[in-house]
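Chains, contacts and geometry: an overview
Listed below are the residues making up each chain.
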Amino acid sequence: MTVALVLSHTTRWYAAPGGKWAHGARPEFSDLGHLGHWQLLTAALGQDWRVVDGPWADEELSGAGVVLLPLSGPTPERAAPAAAEAGLLTRHLRAGGGLLLFGDGGLRAAGHPGLPGLGGARLGERLTGDPLPDLPHVRWHSAETAPEATAHPVTTGVHTLHLHHPRRITGLTGDSALRPVVTVGGEPVVACGSTGGGRVAVVGNAEMFTAPFVGFHDNARFLANLLDWLRTGTVDDARTRRAAHAALHEHRYRSRPLSPAGDMTALAGDHVVDVTGAGEALQRVSAEAMPDPHHDPELFLREAELRYAGLPWSVRRAVTDFRHQSNDYGALLVRGLPVGHVPDTPRDPRAVVRKDTWLSELWLAMFAQALGSTYAYAQEKSGALFQNVVPTPGNADKLSSESSSILLDFHTEAAFHPFKPDYVMLLCLRPDHDRAARTINAGVRMVLPLLSARERAVLTRPLFRTGIDYSFGSANGQQGNGPVLPVLSGDPFDPHLTYDLDLMTGETEEAGRALQSLREAVAACGSWVRLDRGDLLVVDNRRAVHARSQFTPRYDGRDRWLQRMCVTVDIARSSAYRRAGSRVVETAFAL
């Protein structure tokens, strides 16, 4: 007996068959999420799995004990099965089959005259959860709720459910076989019933069963119970418990092919832009003299912003695409920028180095202004906007950008800071003597498929305390003296990542295990580059963590020299912590 996931022409909005994504959606965004845990659960329950893609008929549903029909689309009308398809579902139910209707689109299928026992059931408006603790006037878009008190087999072992954007089910009148099983604020969002010889469940929320949310609370167990009950009319407690545990802890889910790890410059993709052939265009935008960026940085930044339009279209297109959608690596590498004569590497990274040209500062300012607004921290390089990253003897073994003898392990730049950068830019003026130093990057989109569903859920909770960086006054390597925060945040389907391997700890035992799994996942998908003269690496600090390997400096004036710049997409957020007209954030930390 099989489980058939029906993806008809009316429901392709949810589908990703064959790795193709409907309606131009990028692959990291899919409302239905991965299908892997559905396949795993059905296999654990003794059922085969089949995807019916496109128009379907009796032969497609033949032998299916349970039919899963996602009801969602750009409009409710497109989400509704056609009359002929509803007739097939009616025959399926009369033969004793099960039907799971789920989604947040239209529910005209449930109200179709040919579908027995559902009466006038419809999906109504979205419901909200309780007010947020820190924003009591705003309601949460999700809800955490317990199943209906009245016992039903599908609630076996289920204590709490997490629902994201649930819809209420209306029309559950006396002529409907459906009865509420899960409610939010007294409004039904899950209903079940026996009808026409078969069983039907209607779930006014597809997202509770998607990869981001199936790991929350008892969602996986509830889904296993639903599938078991729809197939047999009962729930085998031991079987569904084992199935849920396997789905939560024992498997990893990958919804699409991902870019490999390794040398970023050797991997195909849109993450590398080579401008070595654009010498004339680069010469035109940099030919006229620039003001001194250290004497009048605002004038310099405005001039750089105006000149950015003169860069080749291919470069500007790559930057725009990266700003809007990032990429799997969470990094963009621009190769071949001219930097002119490079003087000796400064011994003091805080020193203002006088150069024949301000080419490197010009490229940094151009790309920074295209991505957002540049800014700095008072505690970093004395608040310099254009920061020198060079090795120093005194900090060779410290958790600092001035280190060299230790691995500066994976971290979000200023993970502890309320105004951490959205982008970090590194422009190489001079590589290290031995060309040994690697800048390593790991993007969250490559990390997530290496985590279990439960680990991913735990990482979204504020259960992780990070430490304050050494350069901001904290003791070297001191953990847990910073804020408690979630590791994954933002869009559940394409989350942001905040992580510091050296300074972050879990507040609970389960959080500690999830952090260890994250550490292994990040290490497994790190891609690297040996930055050379004229290489600009732009790191999306919201979607990637970066690291740097050891190298051996000689302190002879020819050591590795990068220039670093921090960029925010909303500089106004930090205005209360900057003096009028300044780009330097002066936030102080209690240590």
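In the block above lies the structure referred to throughout.
In this report, we go over the structure that sits alongside the text. (Residues numbered from 1 in each chain as written. Predicted model: local features only at pLDDT ≥ 70, side-chain atom pairs only at ≥ 80, totals over all residues. Heavy atoms only, no water.)

A full pass over the atoms with the stated rule returns 30 salt bridges. Of the charged contacts, one joins Arg-252 and Glu-455 as a salt bridge, the two residues approaching to 3.8 Å between their closest N and O atoms. Note that Arg-252 is positioned in the loop between helix 6 (237–250) and strand 12 (272–274) and Glu-455 in helix 12 (residues 453–459), a separation of 203 residues in sequence. On the accessibility criterion, Arg-252 (39% relative accessible area) is partly exposed. A relative accessible area of 14% places Glu-455 in the buried class. Residue Asp-494 pairs with Arg-445 through a salt bridge whose shortest N-O separation is 2.8 Å. Separated by 49 residues along the polypeptide, Asp-494 in the loop between strand 21 (488–489) and strand 22 (496–497) and Arg-445 in helix 11 (residues 444–447) bring together distant segments of the chain. (Salt bridge = Lys/Arg side-chain N within 4 Å of Asp/Glu carboxyl O. Helix = DSSP H or I, 4+ residues; strand = E, 2+ residues; numbered from the N terminus. Buried < 20%, exposed > 50% of the residue type's maximum accessible area, 1.4 Å probe, protein only.)

The next point concerns the packing of helix 9 (residues 313–325) against helix 10 (residues 359–371). In the contact formed by helix 9 and helix 10, the axes pass within 10 Å of each other and the chain directions differ by 45°. Classified by the angle their axes make, helix 9 and helix 10 are oblique. Once helix 9 is placed against helix 10, the crossing between them reads as right-handed. Contacts between helix 9 and helix 10 involve Val-315, Val-319 and Arg-323 from the first element and Phe-367, Ala-370 and Leu-371 from the second. Broken down by class, the residue content of the contact of helix 9 with helix 10 amounts to five nonpolar, no polar and one charged. (Axes fitted to C-alpha atoms, helices over the stretch in contact; angles between N-to-C directions. Parallel < 35°, antiparallel > 145°, perpendicular 65-115°, else oblique. Left-handed = near helix turned anticlockwise from the far one by under 90°. Contact = heavy atoms within 4.5 Å. Nonpolar A, V, L, I, M, F, W, Y, C, P; charged D, E, K, R; others polar.)

Right, let's talk about unusual backbone geometry for a bit. Positive phi outside glycine occurs at Lys-381, with the angle close to 50°. Looking at the secondary structure, you find Lys-381 in the loop between strand 14 (373–377) and strand 15 (387–389). Of note, the phi angle at Ser-382 is positive, near 60°, even though the residue is not glycine. Taking the relative accessible area as the measure of exposure, Ser-382 reaches 58% and is therefore exposed.

The next thing to look at is the nonpolar core. Counting 45 residues, the largest nonpolar core has Trp-38, Leu-68, Leu-100, Val-203, Phe-209, Phe-222 and Leu-226 as the members making the most contacts within it. Per-element tally for this core: the top contributor is helix 5 (residues 219–232), with eight residues. Ignoring any residue separated from it by four or fewer positions in sequence, one finds Trp-38 in contact with Trp-49, Leu-68, Leu-100, Phe-102, Phe-209 and Leu-223. In this structure, Phe-367, Met-425, Leu-427 and Val-567 belong to the second largest nonpolar core, which totals 38 residues. (Core = buried A, V, L, I, M, F, W, Y, C linked by side-chain atoms within 4.5 Å.)

Quick look at the sheet that holds strand 18 (residues 439–443) now. If you trace the four strands from one edge of the open sheet to the other, you get 16-26-18-24, paired in antiparallel fashion. Strand pairing shows two members of the sheet lacking a second neighbour, strand 16 (408–411) and strand 24 (527–529), which therefore form its edges. When the angles between neighbouring strand axes are averaged without regard to direction, this sheet yields 15°. The pairing of strand 18 with strand 24 spans three bridges and is classified as antiparallel. Bridge pairing links Ile-440 to Trp-528 in strand 24. (Pairing = 2+ DSSP bridges.)

This next bit is on the side chain of Ser-403. Topologically, Ser-403 is positioned in the loop between strand 15 and strand 16. For Ser-403, a relative accessible area of 1% corresponds to the buried category. Here Ser-400 takes part through its backbone oxygen, which lies 2.8 Å from a polar atom of the side chain of Ser-403. (Polar contact = N/O pair within 3.5 Å; in protein donor to acceptor, adjacent residues only side chain to side chain.)

Here we come to helix 10. The end-to-end C-alpha separation of helix 10 is 19 Å, in line with the 18 Å expected for 13 residues at 1.5 Å each. Among the 13 residues in helix 10, 13 count as buried, and that is most of the element. (Expected span 1.5 Å × (residues − 1).)

Here the structure, examined in full by the defined rule, presents 12 aromatic pairs. Ring geometry for Phe-213 versus Phe-216: centroids 5.6 Å apart, planes at 45°, classification tilted. One aromatic cluster is present, formed by Tyr-375, Tyr-377, Phe-416, Phe-472 and Phe-589 through successive ring pairs. Across the ring face of Trp-528, the terminal group of Arg-438 is positioned such that the distance to the ring centre comes to 3.7 Å. The ring of Phe-551 is capped by Arg-560, whose NZ or CZ atom sits 5.6 Å from the centre of that ring. (Phe/Tyr/Trp six-rings, centres within 6.5 Å; stacked < 30°, edge-to-face > 60°. Lys NZ or Arg CZ within 6 Å of the ring centre and 35° of its normal.)

In terms of burial, strand 10 (residues 187–195) is a largely internal element, seven of the nine residues being buried. Relative to strand 10, strand 9 (residues 179–184) is paired through five bridges, and the arrangement is antiparallel. Looking across to strand 10, one finds that Arg-179 is bridged to Cys-192. Between the antiparallel neighbours strand 9 and strand 10 lie two residues, among them Gly-185 with a positive phi of about 60°. Two elements, strand 10 and strand 11 (residues 198–203), share six bridges in a ladder whose sense is antiparallel.

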